[in-house]
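Listed below are the residues making up each chain.
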Amino acid sequence: MKTILKTNLTVKDITDGFVYNEYEGKGLFGWSGRLTIQPEYQRNYIYADGKKDVAVIDSILKGYPLGLLYFVKVGEDKYEVLDGQQRITSFGRFITNKFAIKDDNGMEQYFDGLDNEIQDKIYNTPLTIYICEGEEPEIKKWFEIINIAGVPLKNQELLNSIYSGKFVTLAREEFSNPQNAYIQKWSAYIRGDVNRQDFLETALRWVSKDNIDNYMSKHRTDENINELKSYFNSVIDWISSVFVDVKPEMRGLDWGRLYETYHKNSYNPTDVSNKLSELYSDPFVKDTKGIFEYILGGCKDTKLLNIRLFDENVTRVKYEMQTKNAKEKEISNCPLCAIGDNNNKTRIWEFKEMDADHVTAWSKGGATDIDNCEMLCQTHNRAKGNR
């Protein structure tokens, strides 16, 4: 890949004609229309937090190096940003009065309100830029390598660069757009940052059954994202129709797998809501994240709830009670061994050889207290199953 070093361009040159699309969150163009600041393979702008973007301007004012910028030549006098779009978009947004910095007195100052001398200092800051020319695979591979430093690319951001095209563009417009009105609803079930492609990754993971790379390769040249949107909306609609109550623990669950496993079952939303409330108020349920699959599966797999076990004090007291009673009757201190017909019928098990068990299973209303506790030998306890 061929590279040319340019040191004669300034912030003013690169921000000439700067366009920032607030709706899409993109710094789209600069350098008098020559430069595309966020090509398809680039991540969203993530510096708009009042800290990183301000730090870029502070660096300029203090004379700190802004670091190398890399542009790719894509046509006659046409370029794309390969590395540096967060910095370029930051000073472009500042010059177009999208955010303010604080002066020495702690007062907020927008670019237009700064003294001419300070404005000129920002405008005239020189930039060190490498112009690169090469084939698409070379450019994208280099893009991956140079982004190892700084804020590392997430896997989905790398996949976007590998499979850039119409499909990725449309998918990002739908699932990586912080202005999308549905983001708030989706956030109840999806964990992550829309700007870092987490929502897009989730949508792709669901529709591809966890084979995102293969799915993106297959659909790279598609002119629409109909299948992706349809499947994603089917999952979201299914969740919200089954669970009318939104709980914090729903966020980040593997809803794609749950949809595939359970969406053909029928559920009464009122019954589901009542059961959800009951389980949330049950002091013996330790894993509230497991409640949702427990309900979807017909309230059978109690392992999903990690039911609170009897504490050691209860089990030792119960062991002593059962052992004393068993010795008096000359039977085993395991109730199931005692009614059996083998050599363990009169065996007194040691404490370490026994487990605590619910007499009445928790799933059938049994409490986790001493009155519902019995000590069983480990063989019988494990064979009993439903705790």
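Our subject is the structure listed above.
On a predicted model such as this, the values are computed, not experimentally measured, just so you know. (Residues numbered from 1 in each chain as written. Predicted model: local features only at pLDDT ≥ 70, side-chain atom pairs only at ≥ 80, totals over all residues. Heavy atoms only, no water.)

**Quick notes on the pairing of strand β6 (residues 78-83)**
Two faces belong to every sheet, and in a regular strand the side chains alternate between them. Applicable threshold: At least two DSSP bridges between two strands are needed for those strands to be called paired. The helix and strand labels rest on DSSP assignments: H or I over at least four residues marks a helix, E over at least two residues marks a strand, and numbering proceeds from the N terminus.
Direction of pairing for strand β4 (residues 35-36) relative to β6: parallel, over a ladder of two bridges. The partner of Thr36 across the bridge, within β6, is Glu80. The pairing of strand β5 (residues 69-75) with β6 spans five bridges and is classified as antiparallel. Paired with Phe71 across the two strands is Val81, which belongs to β6. Connecting β5 to the next strand, β6, in antiparallel fashion are two residues, including Asp77 with a positive phi near 60°.

**Some points on the packing of helix α9 (residues 198-208) against helix α11 (residues 226-242)**
Convention followed: Structural elements are reduced to axes, namely lines fitted to C-alpha atoms, with helices fitted over the stretch in contact, and the angle between N-to-C directions of any two is expressed from 0 to 180 degrees. The labels follow the angle: roughly parallel below 35 degrees, roughly antiparallel above 145, roughly perpendicular from 65 to 115, and oblique for the rest. Should any heavy atoms of two residues lie within 4.5 Å, those residues are considered in contact. Here the term charged refers only to Asp, Glu, Lys and Arg, the term nonpolar to Ala, Val, Leu, Ile, Met, Phe, Trp, Tyr, Cys and Pro, and the term polar to all other amino acids, Gly among them.
Orientation of α9 relative to α11, taken along the N-to-C sense of each, is 90°, at an axis distance of 9 Å. Between α9 and α11, the crossing angle belongs to the class labelled roughly perpendicular. In this structure, α9 uses Leu200, Ala203, Leu204, Trp206 and Val207 to contact α11, whose residues at the interface are Glu227, Leu228, Tyr231, Phe232, Val235 and Ile236. Taken together, the residues of the contact of α9 with α11 sort by class into ten nonpolar, no polar and one charged.

**Remarks on the pairing of strand β11 (residues 373-377)**
The line we're drawing: Any residue under 20% of the maximum accessible area for its type is buried, any over 50% is exposed, and the rest in between are partly exposed; the area is computed with a 1.4 Å probe on protein chains only.
By the criterion of burial, β11 is predominantly enclosed, with five of the five residues buried. On β11, burial covers both faces: Cys373, Met375 and Cys377 on one face and Glu374 and Leu376 on the other are all buried. Of the pairings in the sheet, the one linking strand β10 (residues 354-358) to β11 comprises five bridges and is antiparallel in character. When the sheet's bridge partners are listed, Ala356 is paired in β11 with Met375.

**Structural notes on the packing of helix α6 (residues 155-162) against helix α10 (residues 212-219)**
Going by this rule: With the far helix as reference, a near helix turned anticlockwise by less than a right angle produces a left-handed crossing, and one turned clockwise produces a right-handed crossing.
The interhelical angle for the contact between α6 and α10, taken along N-to-C directions, is 25°, at an axis separation of 10 Å. Taken together, the axes of α6 and α10 are roughly parallel relative to one another. As α6 packs across α10, the resulting crossing turns out to be right-handed. Counted together, Gln156, Leu159 and Asn160 of α6 and Ile212, Asp213 and Met216 of α10 form the full contact between these two elements. For the contact of α6 with α10, the class distribution of residues is three nonpolar, two polar and one charged.

**Quick notes on the pattern of salt bridges**
Keep this limit in mind: Salt bridge, as used here, is a side-chain nitrogen of Lys or Arg placed within 4 Å of a carboxyl oxygen of Asp or Glu.
This model, assessed by the stated rule, comprises 14 salt bridges. Between Glu260 and Lys209 there is a salt bridge; the shortest N-O distance is 3.9 Å. On the criterion of sequence distance, the pair formed by Glu260 in helix α12 (residues 255-262) and Lys209 in the loop between α9 and α10 is long-range, its members being 51 residues apart. Among the ionic pairs, Glu353 bridges to Arg347, the shortest N-O distance being 3.3 Å. According to the relative accessible area criterion, Glu353 is partly exposed, its value standing at 24%. A residue is classified by how much of its surface remains accessible, and Arg347, at 33% relative accessible area, is partly exposed.

**Structural notes on unusual backbone geometry**
The phi torsion at Lys209 lies on the positive side, around 55°, for a residue other than glycine. By relative accessible area, which is 46% here, Lys209 ends up partly exposed. Even without glycine at this site, Asp210 takes up a positive phi of about 75°. Looking at where Asp210 falls in the secondary structure, it is placed in the loop between α9 and α10. Judged by its relative accessible area of 54%, Asp210 is exposed.

**So, α12**
Test applied: Here the arc refers to the set of directions running from the helix axis out to each C-beta atom.
All of the buried residues in α12 are Trp255, Gly256, Leu258, Tyr259 and Tyr262. All buried residues of α12 project into a common sector of 165° when viewed along the axis, lining one side.

**As for the nonpolar core**
Filter applied, for reference: Throughout, nonpolar core names a set of buried Ala, Val, Leu, Ile, Met, Phe, Trp, Tyr and Cys residues whose side chains join them through atoms within 4.5 Å.
Counting residues in each nonpolar core, the largest one holds 51 residues, and the members touching the most others are Leu228, Trp238, Phe243 and Trp255. Of all the elements in the fold, those that place two or more residues in this core are α7 (166-175), α8 (183-186), α9, α10, α11, α12, α13 (269-280) and α14 (291-296). The dominant element in this core, judged by the number of residues it contributes, is α11, at eight residues. Ignoring any residue separated from it by four or fewer positions in sequence, one finds Trp255 in contact with Tyr189, Trp206, Val235, Trp238, Ile239, Phe243, Met250 and Phe292.

**Some thoughts on the environment of Asp301**
By the secondary structure assignment, Asp301 is in the loop between α14 and α15 (312-329). Its relative accessible area of 33% is what places Asp301 among the partly exposed residues. Considering only alpha carbons, one finds Asp301 and Ser363, 62 residues apart in sequence, at a separation of 9.1 Å.

**Remarks on the packing of aromatic side chains**
Heads up, the rule is: Whether two aromatic rings pair depends on their centres lying within 6.5 Å, for rings of Phe, Tyr and Trp, where Trp uses its six-membered ring; planes under 30 degrees apart make the pair stacked, over 60 edge-to-face, and the rest tilted. The criterion is that NZ of a Lys, or CZ of an Arg, lies within 6 Å of the ring centre and within 35 degrees of the ring normal, and then a charge sits over that ring.
One pass over the full model with this rule turns up 21 aromatic pairs. Put simply, the rings of Tyr189, Tyr231, Trp238, Phe243, Trp255, Tyr259, Tyr280 and Phe292 pair up and form one aromatic cluster. Here Lys247 stacks its cationic end above the ring of Tyr280, 4.6 Å away from the centre of that ring. The residue whose ring lies beneath Arg316 is Phe351, and the NZ or CZ to ring-centre distance is 4.2 Å.

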